Amino acid sequence: MTLTQIRTEIRNITGVDDTSVVADSVLTDLINKGQNILADEANLFYGYATRDSTIGNETYQMLTGNGASVIAWDIVENSSTVNNQSLINMIRIYRVDFDNEKMTRIGMDQIYNINSDNSSLHMPTAYGYYINDINLGIFPKPQSAKEIKVYYYHLPTVLSADSNVPMLDIRYHDCLVYYGAWKVAERLRDINLIPYFKNEWSEWKSKIVLDRQRRSGESKFSINYKDF
């Protein structure tokens with residue numbers, strides 16, 4: 001379904017035809033929010049980003065913030081490559097490579113002295129990575145310029161034009177309809193329809209999460225870090 005068709009279906013099942021009661025822009029925002037929630041909870045959309053390390057530097061900022069603008073990453077999302085970006089759409093990281101070799105996820109508390117590469121770590125890989133606020137850390141510090149590659153799940157493309165189609169599998173577009181209908185019913189304080197639409201949304205969402213897990217061949221993700 002297109003964005004227009006999803007909005008129309010929300011209006012059909014809620015009976016809210018008047019745009020002065022609920023504007024199209026409100027429905028569009030709700031549809032986008034529903035798609036973002038699904039992307040987050042089901043890990044739907046894969047992407048990756050690359051940049052080179054610098055000699056003797058252990059910290060690589062991923063997002064613009066803390067007074068610094070990030071334009072260092074080349075990102076690949078939704079089969080499109082964009083250079084000199086920050087990882088603004090990233091939800092969470094699931095793997096990081098250095099020089100085409102997987103790194104071990106570690107915690108900063110496991111490192112005695114980052115500057116001197118002193119720790120009690122016994123890693124199965126040559127390098128480990130850690131997250132420090134909006135920065136990616138590599139331990140021990142790289143001593144050569146090699147590619148860093150961050151694999152992550154990302155947010156979908158924002159729907160704005162009437163003809164836009166969600167990145168979500170077409171089989172599950174009804175899920176966005178029920179999310180929008182649930183939130184419209186809440187806005188109108190329709191106590192009869194709120195639980196029905198909420199339940200339909202929850203059931204569709206569960207189907208999508210289960211479908212994602214089946215496709216990945218995993219019953220669950222063993223470590224689901226929530227920082228990124």
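In this report, we go over the structure that sits alongside the text.

Reading the values: the criteria
Residues numbered from 1 in each chain as written. Predicted model: local features only at pLDDT ≥ 70, side-chain atom pairs only at ≥ 80, totals over all residues. Heavy atoms only, no water. Buried < 20%, exposed > 50% of the residue type's maximum accessible area, 1.4 Å probe, protein only. Helix = DSSP H or I, 4+ residues; strand = E, 2+ residues; numbered from the N terminus. Pairing = 2+ DSSP bridges. Contact = heavy atoms within 4.5 Å.

### Considering the pairing of strand β5 (residues 90-98)
The two faces of a sheet get side chains in turn, since along a regular strand they alternate between them.
Link 1 in the chain: Taking burial as the measure, the 9 residues of β5 include 7 buried ones, the bulk of the element.
Link 2 in the chain: Strand direction decides the pairing type here: β5 and strand β12 (residues 147-154), joined by 7 bridges, are antiparallel. Pairing of M90 across the sheet is with H154, part of β12.
Link 3 in the chain: Bridge analysis of β5 against strand β6 (residues 101-102) gives 2 bridges, and the strand direction is antiparallel. Bridging from a neighbouring strand, F98 pairs with E101 of β6.
Link 4 in the chain: Here β5 folds back onto β6 in antiparallel fashion, the turn holding 2 residues, of which D99 has a positive phi close to 55°.

### Regarding the side chain of S86
Link 1 in the chain: As for its placement among the helices and strands, S86 is situated in the loop between β4 (80-85) and β5.
Link 2 in the chain: Exposure remark for S86: the relative accessible area of 12% places this residue in the buried category.
Link 3 in the chain: Look past the residues within four positions of S86 in its chain and what remains in contact with it is M62, L63, T64, V70 and I75.

### Topic: the sheet that holds strand β7 (residues 104-105)
Link 1 in the chain: Reading across the sheet, the 4 strands line up as β2-β11-β10-β7 and stay open at both edges, with mixed pairing between neighbours. Looking at the sheet topology across the chains shown, the edges are occupied by β2 (59-61) and β7.
Link 2 in the chain: Here strand β10 (residues 128-132) pairs with strand β11 (residues 135-139) via 5 bridges, running antiparallel. Paired with Y129 across the strands is I138, a residue of β11.

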